[in-house]
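A structural walkthrough
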Amino acid sequence: MEILLVSLRFVQYMAVMILFGSSLFPYYALAGKGSNRGCITDIAAFVQRVAFYASLAALLSAVGWLGCEAVLMSGDANGYREGATIWTVLSDTEFGEIWRWRLLLLLLLPIFLGWRLLRHRTPLVWPVLVSGIFLVASLAGVGHGAMGIGFSVWAHLGNQAVHLLAAAVWVGGLLSLFHTIRYIRNAALGVELQRHALARFSLVGFVAVLLIVASGLLNTWFLVGSFDALLHTTYGQVLMVKVACFLFMVALALFNRLFVMPQLAGAGDGEASLQLLLRSVVAEQIFAILVVASVSLLGTLAPAMDRMVM
Amino acid sequence: MSKSMTLRIISQAMVIAILFGSHTSAVAHAFLDNATPKVGSVVTAPPKIIRIQLTQRVEVAFSHIHLFTAGGQEIVMGPAAADPSDQTVLSAPVAGTLAAGQYEVRWDVLSVDTHRTNGHFPFSYQP
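Note that the coordinates shown come from a computational prediction; the quantities given were computed from them, not determined experimentally.

Observations concerning the overall build of chain B
In terms of regular secondary structure, chain B is built from one helix and nine strands. Order of helices (α) and strands (β) in chain B, N terminus to C terminus: α-β-β-β-β-β-β-β-β-β. At a minimum sequence separation of 6, the contacts of chain B that also span at least 24 residues come to 59%.

Regarding unusual backbone geometry
Look at the link from Thr36(B) to Pro37(B): it is a cis peptide, with omega at -5 degrees. By the secondary structure assignment, Pro37(B) is in the loop between strand E1 (32–36) and strand E2 (42–43). A positive phi angle is found at His120(A), which is not glycine, with a value near 55 degrees. By the element assignment, His120(A) lies in the loop between helix H4 (94–118) and helix H5 (126–137). Given 8 C-beta atoms within a 10 Å radius, His120(A) is considered exposed.

A few points about the packing of helix H3 (residues 83–92) of chain A against H4(A)
Residue and element names in this part refer to chain A. At a closest axis distance of 5 Å, the pairing of H3 and H4 adopts a crossing angle of 90 degrees. Accordingly, the angle class assigned to the pair H3 and H4 is roughly perpendicular. Residues Val-89, Leu-90, Ser-91 and Asp-92 of H3 form the contact with H4, whose participating residues are Phe-95, Gly-96, Trp-99 and Arg-100. The residue inventory of the contact of H3 with H4, partitioned by class, reads four nonpolar, two polar and two charged.

A short note on the nonpolar core
In summary, soluble globular proteins display a tendency toward joint burial of nonpolar side chains. Residue and element names in this part refer to chain A. Judged by nonpolar contacts, the single largest core of 109 residues is most densely connected at Val-16, Met-17, Leu-19, Phe-20, Ala-58, Val-136 and Ala-168. Examining the composition of this core, we find that 18 residues originate from one element, helix H2 (residues 37–74), more than from any other. Setting aside anything within four residues of it in sequence, one finds Ala-168 in contact with Met-17, Phe-20, Gly-21 and Val-136.

Some words on the confidence of the model for chain B
Residue and element names in this part refer to chain B. Taken over all residues, the pLDDT of chain B has a mean of 83, while the share at 70 or more is 78%. In this model residues 14–26 is a low-confidence stretch, pLDDT under 50, and it forms 14 contacts with partners more than four residues away in sequence or in other chains. Interface confidence for the predicted complex, expressed as ipTM, amounts to 0.74; the pTM equals 0.85.

Conventions used here
Residues numbered from 1 in each chain as written. Chains lettered and ligands numbered in written order. Predicted model: local features only at pLDDT ≥ 70, side-chain atom pairs only at ≥ 80, totals over all residues. Helix = DSSP H or I, 4+ residues; strand = E, 2+ residues; numbered from the N terminus. Contact = placed C-beta atoms within 7 Å. Buried ≥ 20, exposed ≤ 12 C-beta atoms within 10 Å, placed from the backbone. Axes fitted to C-alpha atoms, helices over the stretch in contact; angles between N-to-C directions. Parallel < 35°, antiparallel > 145°, perpendicular 65-115°, else oblique. Nonpolar A, V, L, I, M, F, W, Y, C, P; charged D, E, K, R; others polar. Core = buried A, V, L, I, M, F, W, Y, C linked by C-beta atoms within 7 Å. pLDDT = per-residue confidence, 0-100.

The following block contains the structure:
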């Protein structure tokens, strides 16, 4: 049951982060000078397609997650198929209070996006973006984010929401970036547009990383409490693995920013540096997947603070 | 960045740190903080209510308090309810009047962070 819940959490986090991050990308990376109408339309279509599949994955994993909670909360192995238990989870718990709105949105979103895709409507990015913000931020209220009493609940919730949103900007944005670079190369739109999108992404990415680090540190303080707890609890150890993967992502981003981007701008073999950039973005995505996987595990573990209390 | 701005940011960060810091004693899962009757105590009046205070807010719908005699026989209890002003406090009424003797309270609760915890403690009633 725990393994199933970790997997479902992983799919849920990944799906909604992609939903939000990939849909925000066109707003900052393609706006302004150097943008191209064809490119904007293409990336919007890409975002809408990705969002359709991501919202389906999010819906299925959200339903599964609810079933797992019904079992874990009631302590009854058949809880997932007991209507009354499911209903109690949805109506009488803080998890359910958030989950019922998420489920409603996740039911509507694939229908809306699927209808638009089937009818070949002009792709719309903003409904995906707005839903994405809600779906990512509301995950903060589920699990350890809900802990605390009084003011600390809101401080922790807000902090967690910022952490998740910033992470989604980066992780989801990478997917759109990858697609955009390839589109620009295949359509031979030139280095100008490429450099523009890359420069914007790296600026936004930089701000996102700062927010991730700041909110992550505050969060660690909340849930780990001491250096000792970081070293000697499973929670602390998984957290360190997560931080290591995150640092690899930062290293790759710095490598792109300081080494690959100047190469792209300069004379010489543009194609080779472009290949290098695409590979490095893929590597970044792999580390991002590892980070999200460790997050999925962390949520099911007792925070280090508890272990030290026990 | 000017010096005064840096100072302002540092002072704001300190305010935040103090606000957060004063709450770092809060833990995520719900553990027993205190109880009435007190853990391991000897009471002289039969308790009408078993009340437990936990270290975290709990979901009443999935939280229970059970009472057993020393012989392991379960005493009938009313449904557990949370204190309307404090979701960390859970209480359940004892149906009828307890006979003198040793008792064990067994509690199992669901914390708002969706994790279950449980525990037990004894008390005795000697009129």
